[in-house]
Amino acid sequence: MNKIYDLKQDRAKLVTQMREIMDRNTEAEMNADDQATYARLEKDFDALNARIAAEEKLMDRERTIDTPEEKPVDKVSERQQLFAKALSGNAADLAAYRNAAGDYTLGTDATAGAITAPMQFVEQLIKGLDDVLFMRNIAHKTPSIGAAQSLGFPYRKAAAADADWTTEVAEATEEQTLQYGRREFKPNRLTKLIRLSKTLVAHANMAPEVVLEELQRVLAVTQEKGYMTGDGSGKPLGIFTASNDGIPTTRDVAASAATSITCDDLIDVKYALKGQYHQRAQWVMHRDLVKMVAKLKNTATGEYVWQPSTQLGQPDRLLGSAVNMSEYAPNTYTAGKYAAVYGDFEYYWICDADQLTLQVLNEIYALSNQVGYLFQYFGDGAPVVGEAFARLKMKAS
């Protein structure tokens, strides 16, 4: 923890130096020495940002490690041991796991090598994703889809008109505008084949952890891409995708230029959002935009609008709201492209399905001393209230 704190302190010092250079060059072109110094500071800033992100991710992963006091009861331990042995691909171990008694009984699975991961393994996987993906921390997670074809949730399409002040005995005005719709969340299939060394997996006690870590890594990248730019067709609907089923184009705020962003642009985005959403509202953008925004000053107050965090566990802030960086947010700042989203992410909903299926491919990679794992995850995600978000879009040319 102290390391992250020290890194954030070092980053704050870099920002101070960068701002000093910017301040003394506000009325004239930056000289060669200042340009070189500023470029070096920017490089150091990016490197520190990467180290902070890596340390925070490692710390989150360390939190997921079970202590001896947190070991499951015997029944769960037995389940995990059978599962660990089945991951070796040995036919007898697969059969033993598949036919075991209890709540992890799999019956007669006709697909060779296919096993359903025990619930504890699935819960650990989802918990790991929650730790790694910021969207799963700031979004609303609905009840599980389970084995259903879809899960429908009502949402308000059109708000009711205001109530009327009236006389004591006058007839009440009937509501005519209120409309509700239904949004379907579906168990979209996400699949990937990973390969691991048989020698590594042969250590049965660590096999589930090794497979779990690899699944979390490949799942996290694909899910974050879906939550950012997914088109909603067989995958989540992303916040940077214009859609009447999510965030419509009516929630777009045009920047004042096609290739650059001003402080006023960001202020316009923030106040395009109704006040009721401001308390929980946060920013999502690429780190390239954070670098750009870190140089902006509020023209009215002369203060920088981006405030880097110097405290452990506290996010960087922009115009008073937390900033979340995603490598998969758009970072092409040209005419008509999206740049950032500001909103209350309690109105972005994520659904997970219970089932996680692994197919253990033992023989096909035998020549390379590897075992393959073909997994299937099912889930969905989408914005459910468009007006809870505002999206910054570069000015059209």
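Residues numbered from 1 in each chain as written. Predicted model: local features only at pLDDT ≥ 70, side-chain atom pairs only at ≥ 80, totals over all residues. Heavy atoms only, no water.

K.L.:
How do you make sense of the overall build of the protein when you look at a structure like this?
P.N.:
Across its full length, the protein holds 10 helices and 15 strands. Every one of the 397 residues in the protein was classed for burial, and the buried ones make up 44%. (Helix = DSSP H or I, 4+ residues; strand = E, 2+ residues; numbered from the N terminus. Buried < 20%, exposed > 50% of the residue type's maximum accessible area, 1.4 Å probe, protein only.)

K.L.:
How should I be thinking about the nonpolar core in this particular structure?
P.N.:
In terms of nonpolar packing, the biggest core is built from 89 residues, with I239, L266, W283 and Y373 touching the most fellow members. The element that contributes the greatest number of residues to this core is helix α8 (residues 207–229), accounting for 10 residues. Not counting residues within four places of it along the chain, the set of residues in contact with W283 comprises L266, V269, K270, L318, L319, S321, A322, V323, N324, A340, V341 and Y342. (Core = buried A, V, L, I, M, F, W, Y, C linked by side-chain atoms within 4.5 Å. Contact = heavy atoms within 4.5 Å.)

K.L.:
It is not clear to me how the sheet that holds strand β7 (residues 282–285) should be interpreted in this structure. Could you clarify?
P.N.:
Sheets are built from strands paired through backbone hydrogen bonds, the pairs being either parallel or antiparallel. Sheet architecture is open: 7 strands sit in the order β6-β15-β11-β7-β10-β9-β8, paired in mixed fashion. Of all strands in the sheet, those with a lone pairing partner are β6 (252–254) and β8 (306–307), marking the two edges. Alignment of β7 against strand β11 (residues 338–343), held across 4 bridges, turns out to be antiparallel. Note on β11: the bridge partner recorded for W283 is Y342. Sitting on the sheet, helix α9 (residues 263–270) touches β6, β7, β9 (317–318), β11 and β15 (389–393), and the angle it makes with β15 is about 155°. (Pairing = 2+ DSSP bridges. Axes fitted to C-alpha atoms, helices over the stretch in contact; angles between N-to-C directions.)

K.L.:
Is there a simple way to explain the pairing of β15 in this structure?
P.N.:
As a general feature of sheets, a regular strand has side chains that alternate between the two faces. Burial analysis of β15 places 4 of its 5 residues in the buried class, the great majority of the element. Two strands pair when backbone bridges link them, and β11 and β15 are joined in this way by 5 bridges, in the antiparallel orientation. Each residue of the ladder has a partner; that of Y338, found in β15, is K393.

K.L.:
Even after reading the chapter, I still don't get the environment of T241, so can you show me in this structure?
P.N.:
Looking at where T241 falls in the secondary structure, it is placed in the loop between α8 and β6. Judged by its relative accessible area of 16%, T241 falls in the buried class. Sequence spacing of T241 and T229 is 12 residues, and the spatial spacing of their C-alpha atoms is 5.6 Å. Discounting chain neighbours no more than four positions away, the residues touching T241 are M228, T229, G230, D231, I247 and R391.

K.L.:
I would appreciate a short explanation of the environment of M292 in the present structure.
P.N.:
Relative to the helices and strands, M292 resides in helix α10 (residues 287–293). Given the relative accessible area of 25%, M292 is considered partly exposed. Taking C-alpha positions, M292 is 8.6 Å from S260, a pair spaced 32 residues apart along the chain. Excluding residues that lie within four positions of it along the chain, M292 makes contacts with I261 and Y333.

K.L.:
Explain the side chain of N25 to me, please; I cannot follow it from the model alone.
P.N.:
Of note, N25 is situated in the loop between α1 (2–23) and α2 (32–63). Relative accessible area serves as the criterion here: at 14%, N25 is assigned to the buried category. A distance of 2.7 Å separates a polar atom in the side chain of N25 from the backbone oxygen of I21. (Polar contact = N/O pair within 3.5 Å; in protein donor to acceptor, adjacent residues only side chain to side chain.)

K.L.:
Is there a simple way to explain the packing of aromatic side chains in this structure?
P.N.:
For any two aromatic rings, the description comes down to two numbers: the centre-to-centre distance and the angle of the planes. A complete count under the given rule lists 5 aromatic pairs for this structure. Note on W283 and Y342: the rings are 4.5 Å apart at their centroids and 40° apart in plane angle, and the pair reads as tilted. With W283 in strand β7 and Y342 in strand β11, this pair connects stretches of sequence that are 59 residues apart. Residue classification places W283 among the buried positions, given a relative accessible area of 0%. (Phe/Tyr/Trp six-rings, centres within 6.5 Å; stacked < 30°, edge-to-face > 60°.)

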